[in-house]
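Chain by chain, the residues run as shown.
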Amino acid sequence: MLAAPGSTGVSRIGQRSSVEALPSPYDWRMSMRSLPRRYWPAVRTSWSELGRWGRLALAGIGLSVIISVALGFSIPNSAKGHLLHGQSEVFATVAEDIRALSLVTRAGESVAIEPEFEEAVALRLLGGDTIRVKLWSLDGVIVYSDHSDQIGQSFAFNDLAIRATNGDVSFGVADASDPAHAFEEDLGELIEFYVPVEDAAGVFALFEVEQRVDTLNTTVNRIKRNTWMSIGLGLGVLTVFMASLTVANAHVLTRRRRLAETLFAELVEAQDAERRRIVGSLHDDVGQPLYRLLYGLQGSRSRLDDDDPVSEELDRLEQLVREVDATLRNELRGLHTSLAEDLGLGPALEALAEMTRDETTLDLSLDVQTNKELGVVPRAALFQAAKEGVTNVRKHAGAAHVWVRLLSEAGRVVLEVEDDGIGPNGERGLGLTTMKDRLEAIGGGLTIDRRSGTGTRMRAWVPTGGER
């Protein structure tokens, strides 16, 4: 018979839970280094508890970040295009004004310019970033250039010039290898604008204006810097806000989990104390009288002859008492749930496996692959899960074999109970539901699914954080 329990196991659990100091929800003095390790389980739980709309909001924030980064690249490029387009509009207006003053006119198949043309060009186009102005006839001859050596030379039109002959203002980076730019090849990168000059009959000449790109690049770089600073500031504020909200939420969830674990520890303590009381009571109040009854029957039978009918009845009663005693022993062994605390999780599972083999025809295989140290509460929770899983296999699975495994995964210890029975029926009983709630209260969890082929696999896990 199991001996009546003392108070050793109970006091040990009580001491662990009594010295636990719950942190204040506003205690921010913990080191930042310990935040990920301490709060990641809570953050993971927080994500699972966000729900559809909460996850949709976070997805919206992620999409906002992507859009912000895209804008950081597109805004400077768009600004550069607008600046070039605006400059081309200015040149088109100047060219139209010069044509309206009849400083440039059509002369048959050629182009004629008035003496005031050069002064107008110097006054309205040259200077600043503009380093070259040319006037082209449609046959590719340079009619005017502020560099007099180019006047009268003939060149083939490039693509930008060809587009301008169709009446469109065009601009782009000048090709330094173009022979028409031989006099500008030492001036660095240039932007060239082609502006059509037209009258009622259509386009008859082209203005070419070449500008340094330095000022444009400086302006675009300033826009780019300001854009990224604005985006970075906005994303920084959003990141700080979301990180603070996540850490605060994780802090509250961690505090709640610790409180739940403390309450669960007290529950385990109370259950263990009650079971110990029942074990002691059954041992003393039922077991010992059974032995006295057995000894009395044996003594009475010894005073009778073997062929006495009363002796036969006493034999039957003695056998009945032995069966009751065996049943009582099995029940007491099942009630003794502090094995995981007293012996450790591995030996407790071995005792559970031995008891299952003795009481059933199940072929139970136990495989302990980890020696991770767990606190009293996680240890008791996994042992209870193992008992619940094996009990369900015995009652409902109709299995011939059951496998019990204890193993380590990233940041947690996992218990698996797998059988080759008829498989899950889609319903979860009160025992498994309660066990799942208990495991989740300490940062763990429980899943049940159909294994490959037939049978059921139950997985229960707890985080590896040592004593809480």
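Right, let's walk through the structure included here. Every residue gets a number counted from 1 within its own chain, in the order that chain's sequence is written. The predicted nature of this model means local features are confined to residues of pLDDT at least 70 and side-chain atom pairs, given and counted, to a pLDDT of 80 or more, with totals for whole chains, interfaces and linings taken over all residues. As a rule here, side-chain values cover all heavy atoms of the structure and leave hydrogens and water aside.

## Focus: the sheet that holds strand S12 (residues 456-463)
Taking strand neighbours across the sheet as the criterion, the five strands line up as S8-S9-S10-S12-S11 in an open arrangement whose pairing is mixed. In this open sheet, the two strands that pair with only one neighbour each are strand S8 (363-368) and strand S11 (445-450). Here the strands of the sheet are splayed against their neighbours by 15 degrees on average, with no regard to which way each runs. Across eight bridges, strand S9 (residues 401-409) lies against strand S10 (residues 412-419) in antiparallel orientation. Bridge pairing in S10 links Glu409 to Arg412. In what follows, residue pairs with any heavy atoms lying within 4.5 Å of each other are defined as contacts. Angles run from 0 to 180 degrees between N-to-C directions of axes, and those axes are lines fitted to C-alpha atoms, restricted for helices to the stretch in contact. For the purposes of this entry, the term helix denotes a DSSP run of H or I that reaches at least four residues, the term strand denotes a run of E that reaches at least two, and both are numbered from the N terminus. On the sheet, helix H9 (residues 345-359) packs against S8, S9 and S10 and is oriented at approximately 175 degrees with respect to S8. Pairing between two strands is assigned when DSSP locates at least 2 bridges connecting them.

## Things to note about the packing of helix H10 (residues 376-397) against helix H11 (residues 430-441)
Between H10 and H11, the shortest axis-to-axis distance is 10 Å and the interhelical angle comes to 160 degrees. By the angle between their directions, the pair H10 and H11 is classed as roughly antiparallel. H11 is crossed by H10, and the crossing has left-handed handedness. Facing H10, whose interface residues are Ala381, Gln384, Ala385, Glu388 and Asn392, H11 presents Gly431, Leu432, Met435 and Leu439. Each residue gets one label: Ala, Val, Leu, Ile, Met, Phe, Trp, Tyr, Cys and Pro are nonpolar, Asp, Glu, Lys and Arg are charged, and the others, such as Gly, are polar. Residue classes in the contact of H10 with H11 are distributed as five nonpolar, three polar and one charged. In these notes the angle categories are as follows: under 35 degrees is roughly parallel, over 145 is roughly antiparallel, 65 to 115 is roughly perpendicular, and the rest is oblique. Crossings are classed by handedness, with left-handed meaning an anticlockwise turn of the near helix from the far one by less than a right angle and right-handed meaning a clockwise turn.

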